[in-house]
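This is what each chain is made of:
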Amino acid sequence: MTHNDPTDDPEEPNPSPAASPDDASRRRLIRLLVGLAIGIPVAIEASTFFGLLSGERGDGRADIGDELLTDTPQTETIVDSSVFEGPPRVYELVIEVTNDEETPYELTAGPLFTAAGEKITGSTTAEIPAGETGELNKQWGIPKEATPAAVELRAVWGDTEVSERVALAQPAVYQGSP
Amino acid sequence: MTFIDDYPHEAKLVRYCFAVAFAALGVGGLLGLVQALHRTGVLRIIDSSDYYTVLTAHGVLLALVFTTFFIAGLFRWAVTRSLERGVVSQRYSWLWFGTLLTGTILAAVPILAGFFPNVPMSADVLFTFYPPLQAHPVFYVGAVLLIVGSWLAGADYFRSFAGWRRENPDERIPLQTFMVLTTMLMWYLATIGVAAEVLFFLIPWSLGLIQTVDPLLSRTLFWFFGHPVVYFWLLPAYLVWYTILPKLSGGRLLSDPLARIVFVLFLLLSTPVGFHHQYVDPGIPSGYKFVAMVNTMFLLLPSLLTAFTVVASMEHGARQRGGKGRLNWLRALPWDNPAFVGCALAGLMFAAGGFSGMINAGMNINYLIHNTLWIPGHFHLTVGTAAALTYMAVTYWLLPQLTGKELALKKWALVQPYLWFVGMTLMSNAMHRGGLAGIPRRTAEPQYDQVSFDAVVGSVSEMRLQIALGGTLLFVSLVLFLAVLVATWLGPRVEQISVNSAIPEPLSGSDHAPLVLDNLRLWAAIAVLLVIIAYGIPIWSMLADGPFAPGSPPFPV
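First, a word on what this report is: a plain description of the structure on this page. Here the structure is a predicted model, which is why all the values come from computation and not from measurement.

What counts as what
- Residues numbered from 1 in each chain as written.
- Chains lettered and ligands numbered in written order.
- Predicted model: local features only at pLDDT ≥ 70, side-chain atom pairs only at ≥ 80, totals over all residues.
- Pairing = 2+ DSSP bridges.
- Helix = DSSP H or I, 4+ residues; strand = E, 2+ residues; numbered from the N terminus.
- Axes fitted to C-alpha atoms, helices over the stretch in contact; angles between N-to-C directions.
- Expected span 1.5 Å × (residues − 1).
- Bend = angle between axes of the 7 residues up to and from the residue.
- Buried ≥ 20, exposed ≤ 12 C-beta atoms within 10 Å, placed from the backbone.
- Core = buried A, V, L, I, M, F, W, Y, C linked by C-beta atoms within 7 Å.
- Contact = placed C-beta atoms within 7 Å.
- Parallel < 35°, antiparallel > 145°, perpendicular 65-115°, else oblique.
- Nonpolar A, V, L, I, M, F, W, Y, C, P; charged D, E, K, R; others polar.

So, about the sheet that holds strand 6 (residues 133-141) of chain A. Residues and elements named next belong to chain A. Here we have four strands laid out as an open sheet, ordered 6-2-1-9, and mixed in their pairing. The open sheet is flanked by strand 6 and strand 9 (172-174), the only strands paired with a single partner. Shown here is a sheet whose adjacent strand axes are inclined to one another by a mean of 25°, direction ignored. Strand direction decides the pairing type here: strand 2 (residues 90-98) and strand 6, joined by nine bridges, are antiparallel. Among the inter-strand pairings, Thr98 is bridged to a residue of strand 6, identified as Thr133.

What follows is the structure in structure tokens.
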């Protein structure tokens, strides 16, 4: 086994800054390469990371699996939120309601609001007896290229009434009809 | 005196191995570009019905042929150099090379025949060749010869070691040889699974001698091999990072004992983890999947040890070169040396690949990304960069020593690893995000009328563009590498190459390593025991069901 003198410098160290234009241009090339090769990936990964974080924190918009009215003791969860191109073009919202309380619960969804601020009238009310789970299913006809952005919800149980306009996350889009 | 002068036969053998490896890399890489542009819808020059032919060729040429030939050559160099002795028998060494080459040709012919409908053979079975996908029997014979050739190559290294040991009974195993031998022990254990699958089931099935095979048993035997094969690819890169990268950085390896411990851990833990590729397979009890998961989590340890040791060694080198400060020493590293740059960037990218691998390893979170584009996103970071880029980078340092010629087109060589790093970040980042959106892998046209994918970050169309752009940059980088290779090969021999081939001793040497680390028999026995624990009962119960039942006829029927 060859034993090298530990004081040997196995590789030539970087030359001290040289006056020659070739060396200067080489150093510029290295700086450019390192800068781009590290900078571009860092930018891509950082934007992905912060994009994921903001997705997790949420932008306050309700999506499939989210609870809609956190102020009510009952649970209202979006199970489907989809646009169907049809024709006709339809937005369908399906909410599962779990009423663990001892009084009946009434949930009304509608009207719908688009991202452009247009109000689409029409509402549906689901009545869920005490201790049961039920579903509210409502479809609205929406114009071409309109994006559902919010829905009015009104919940009533006993003497209590809660109303809230809930922002909706961008729904999935499908061809055909529901 | 250079390696070619001291060991002309070995240098020629390594050159031939590298030639086949890089020819496979070139063809496989081109097909990778075709795939990337096809499935993103950017450019379609093949029929979608040929996509699996392209994908099989890409996977087999890169993940089996390129890797195996390069590793065989690198290991022959490492053993020769560290033991300071050549092969025991030149004829034997050409025998294993010939076996590997024959296997490659036999496997490649049916794959490529898939492009020609008039030719009555095909092997559109992908790198994993799961039944009921069935290839022409010649493909399987080729695969067997590829494995057998690697066994013969391993025996070549052990024979060299045995000769050295007779003359040096009390010396510690030189570190590079230690790494080669532990890797090959792991490989011998790992390939038992795929050899059994191909010899006892797939070849008879493809010849019509048996009508059905049990897909679960076949998959289990494949993944018995399929996880440790990634360490077969990775450990040669680790050999480079531990023994050559510190020297390229201007310093020395921090610790020889730590390096030995890492390789022993890989010998022990690489194989009893294969069920983490089969979390959604029915017929395997969850308890054994859990055992595999735990073993896989343990596998993070040797990689973290490596990260520490290699970075510390690089820091040592940087400070030898005048680097100062808490982080400023990074600037003193030789960023103008393509061999260093490729190895360093490969190691950096491996960290990302390792962490995405931990996601894959987690039994529940695996379900989120199973069979999605996340999976190729992961392995392009690991085998596609940690291994492949390291192989390319170390070639810049080795090639002059193997040929006696100066490296040509040095500026292109310098740009190449940086370009690979950027291209792979683009492609792999988008693949990971595509996987989170549910976009499937192994699909020619993942654009569906009835389904839209919900991008977690960004948009699906932007991801497609990013994959196409990243794949294109990778291909350009590959062309640069091959151009440097060819130009060097065609260049003239020189009196004295400028590469310094000396590798200094580690700061903490082999005399600090406990003797038990060199007890390869002990570690091999424990590795076998762990495999019996992890696989014994599940495989026994699959066999007890009847090895061919529940069986599947071949597809296409």
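All names here are of chain B. An ideal rise of 1.5 Å per residue puts 46 Å on 32 residues; helix 6 (residues 175-206) measures up with 44 Å between its terminal C-alpha atoms. The sharpest bend along helix 6 reaches about 35° and sits at Val198. With 24 of 32 residues buried, helix 6 lies mostly within the body of the structure. Gly208 sits one or two positions beyond helix 6 and adopts a positive phi of about 80°.

Judged by nonpolar contacts, the single largest core of 194 residues is most densely connected at B:Cys17, B:Ala21, B:Phe69 and B:Cys343. Broken down by element, the residue count for this core peaks at 21 residues, all from helix 3 (residues 51-83) of chain B. Residues within four places of B:Cys343 in sequence aside, it is in contact with B:Val240, B:Trp241, B:Leu245, B:Leu248, B:Thr390, B:Ala393 and B:Val394. In terms of nonpolar packing, the next biggest core, distinct from the first, is built from 23 residues, A:Val83, A:Val97, A:Ala109 and A:Ile142 among them.

Below, the discussion takes up the environment of B:Met463. Residues and elements named next belong to chain B. Along the polypeptide, Met463 turns up in helix 17 (residues 460-490). Looking at Met463, the number of C-beta atoms within 10 Å reads 24, which means it is buried. Once the C-alpha coordinates of Met463 and Leu426 are considered, the two residues, 37 residues apart in sequence, prove to be 9.1 Å apart. Aside from chain neighbours lying at most four places away, what touches Met463 is Ala430, Arg433, Gly434, Ala455 and Gly458.

As a further point, take the packing of helix 15 (residues 374-403) of chain B against helix 16 (residues 410-436) of chain B. Residues and elements named next belong to chain B. Where helix 15 meets helix 16, the closest approach of the two axes is 8 Å, and the angle between their N-to-C directions is 170°. One way to sum up the angle between helix 15 and helix 16 is to call them roughly antiparallel. Each of Trp374, Ile375, Pro376, Gly377, His380, Leu381, Gly384, Thr385, Leu389, Ala393 and Tyr396 in helix 15 lies in contact with helix 16, whose residues at this interface are Ala413, Pro417, Trp420, Met424, Met427, Ser428, Met431, His432, Gly435 and Leu436. Each residue belonging to the contact of helix 15 with helix 16 can be placed in one class, and the counts come to 14 nonpolar, seven polar and no charged.

By themselves, these figures tell us nothing about what the structure is for.
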